[in-house]
Amino acid sequence: MTLLQNEVVQELLAGTVGGCAGICVSQPFDVIKVRLQSTAAARSGPSSATARPPSVISELLRGFKAEGAVALYRGIAPPLVSNGVLNAVLFAAYGGSLRFLGASSDGSDASTTTVFLAGSMSGMCTSAISIPTELIKIRQQVEAGRTQTSSMLITRRIVADSGLLGLYRGGIATVARDAWSFGVYFWTYNELKVGLLAAWGGGSMESDAEKAASPVGEAAAVCVAGAVAGVIAWTVCYPIDSVKTIIQTSEHVSTGSPVTEWFRLLKATPRDRLWRGYRACVARAIPLNGVTFLFYEFSLKLMRQSGDDPTII
């Protein structure tokens with residue numbers, strides 16, 4: 001067996017390809033989402049209750065007018081690097097969790113509970129990576145307009161102010177978000193992909209490849225399932241993500257329990273502010289997750305077919 005024929009290696013490589021491709025098409029929407037969310041913490045006082053929050057389009061145009069096209073890709077370096085690593089870990093952990101729970105790597109024989117648990121386990125595995133990288137990315141996006149906002153400068157500033165543990169600020173909220181949302185994410189994707197492929201004349205891309213729909217049909221099923229899964233997963237965890245963003249952008253450092261601080265902010269933040277930036281998040285989730293799963297599935301399929309016919313690659 002060659003290295004490329006190892007299941008874990010295949011999942012790591014396919015996850016890297018999918019993660020990088022997804023970030024490239026979705027970064028502008030993430031910039032807008034973070035800026036809209038951060039205003040929930042920045043705007044306070046009597047007038048803020050009645051002030052109309054900026055729309056996705058107005059914030060997009062404002063950023064473009066003030067800083068040019070570079071504003072739409074501000075902070076892309078950390079997620080581009082980390083998302084490749086994060087998705088490699090995510091998909092490899094998901095496949096490993098499925099195997100640990102007694103199912104096949106593609107989840108075709110797994111129960112809905114097994115798929116959900118495997119997704120939750122894989123989400124928690126990625127938290128060690130996503131907590132510091134999201135913190136750096138968010139600080140870089142929010143500090144738009146300053147002369148120096150490089151990822152390295154922000155990292156040094158955080159470490160200087162709070163030490164290495166400062167890079168894990170908002171960690172409790174991130175773990176809570178990822179464990180819950182990735183369970184929903186993979187369950188939704190798995191159910192939709194199987195249903196769409198069956199409805200469009202094919203079976204699973206891996207278990208029934210010879211009976212599968214046309215390449216266009218397969219690609220459409222994967223993109224639609226990934227996009228819908230991303231939207232649903234973000235919808236069920238968005239208030240948690242908003243609190244995480246408030247924690248990570250706040251200058252105030254709580255001396256109490258992180259869990260207590262998280263619940264305090266969740267209770268104190270007005271409901272409309274917990275959903276601020278949601279439209280930008282959904283607009284980002286559609287291309288991000290559709291493209292991520294498309295590149296992941298077809299990269300994985302290509303590598304697994306190459307095991308049977310080495311001349312494919």
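As a starting point, this report considers the structure included with it. The structure presented is a predicted model; accordingly, all values stated were derived computationally and were not measured.

This part is about the overall build of the protein chain. Broken down by element type, the protein chain carries ten helices and zero strands. In the protein chain, the succession of α and β elements from N to C terminus is α-α-α-α-α-α-α-α-α-α. Counting every position in the protein chain, which comprises 313 residues, the buried fraction comes to 51%. Once local pairs closer than 6 in sequence are excluded, the contacts in the protein chain between residues at least 24 apart make up 79%. Taken as a whole, the protein chain presents about 14500 Å² of accessible surface, with 66% of it coming from carbon and sulfur.

Topologically, Gln 10 is positioned in helix α1 (residues 7-42). Among the polar contacts listed, one links the side chain of Gln 10 to the side chain of Arg 304, at a separation of 3.1 Å.

Further remarks concern the packing of helix α4 (residues 112-142) against helix α6 (residues 171-199). At their nearest, the axes of α4 and α6 sit 6 Å apart, and the two run at 140° to each other. Taken together, the axes of α4 and α6 are oblique relative to one another. Between α4 and α6 lies a crossing whose hand is right-handed. For the contact of α4 with α6, the residue count by class is eleven nonpolar, twelve polar and four charged.

For the rest of this paragraph, the subject is a nonpolar patch on the surface. Residues Trp 180, Trp 200, Val 224, Val 228, Ile 232 and Val 236 make up a contiguous nonpolar surface patch of about 470 Å² in total accessible area. If you tally residues by element for the nonpolar patch, the top one is helix α7 (residues 215-249), at four residues. Looking at the element boundaries, Val 224 is found in helix α7. Look at Val 224 and you get partly exposed, because its relative accessible area is 38%.

Moving on to the packing of aromatic side chains. Under the defined criterion, the tally for this structure stands at 15 aromatic pairs. On the numbers, 3.9 Å between centres and 10° between planes, the contact of Tyr 94 with Phe 186 is stacked. Highlighted residues: Tyr 94 in helix α3 (residues 77-100) and Phe 186 in helix α6, separated in sequence by 92 residues. Of the residues examined, Tyr 94 reaches a relative accessible area of 8% and is grouped as buried. For Phe 186, a relative accessible area of 2% gives the class buried.

What follows deals with the nonpolar core. Counting 24 residues, the largest nonpolar core has Tyr 94, Leu 98, Tyr 185, Phe 186, Tyr 189 and Phe 293 as the members making the most contacts within it. Among the secondary structure elements, those contributing two or more residues to this core are α3, α4, α6, α7 and α10 (278-308). Ranked by residue count, the leading element in this core is α6, at six residues. Setting aside residues up to four positions removed in sequence, Leu 98 forms contacts with Ala 103, Ser 104, Ser 105, Asp 106, Gly 107, Ala 110, Thr 114, Val 115 and Ala 118.

Take the pattern of salt bridges next. Per the stated rule, a full pass over the model turns up nine salt bridges. A salt bridge links Glu 11 to Arg 99, with the nearest nitrogen and oxygen atoms 3.1 Å apart. On the criterion of sequence distance, the pair formed by Glu 11 in helix α1 and Arg 99 in helix α3 is long-range, its members being 88 residues apart. With a shortest N-O distance of 2.7 Å, Arg 177 and Asp 241 are connected by a salt bridge. Highlighted residues: Arg 177 in helix α6 and Asp 241 in helix α7, separated in sequence by 64 residues. Of the residues examined, Asp 241 reaches a relative accessible area of 1% and is grouped as buried.

Cut-off values and rules
- Residues numbered from 1 in each chain as written.
- Predicted model: local features only at pLDDT ≥ 70, side-chain atom pairs only at ≥ 80, totals over all residues.
- Heavy atoms only, no water.
- Helix = DSSP H or I, 4+ residues; strand = E, 2+ residues; numbered from the N terminus.
- Buried < 20%, exposed > 50% of the residue type's maximum accessible area, 1.4 Å probe, protein only.
- Contact = heavy atoms within 4.5 Å.
- Areas by Shrake-Rupley, 256 points an atom, 1.4 Å probe, with all protein chains shown as cover.
- Polar contact = N/O pair within 3.5 Å; in protein donor to acceptor, adjacent residues only side chain to side chain.
- Axes fitted to C-alpha atoms, helices over the stretch in contact; angles between N-to-C directions.
- Parallel < 35°, antiparallel > 145°, perpendicular 65-115°, else oblique.
- Left-handed = near helix turned anticlockwise from the far one by under 90°.
- Nonpolar A, V, L, I, M, F, W, Y, C, P; charged D, E, K, R; others polar.
- Patch = residues over 30% accessible without salt bridge, like charges linked within 9 Å, V, L, I, M, F, W, Y side chains within 5 Å.
- Salt bridge = Lys/Arg side-chain N within 4 Å of Asp/Glu carboxyl O.
- Phe/Tyr/Trp six-rings, centres within 6.5 Å; stacked < 30°, edge-to-face > 60°.
- Core = buried A, V, L, I, M, F, W, Y, C linked by side-chain atoms within 4.5 Å.

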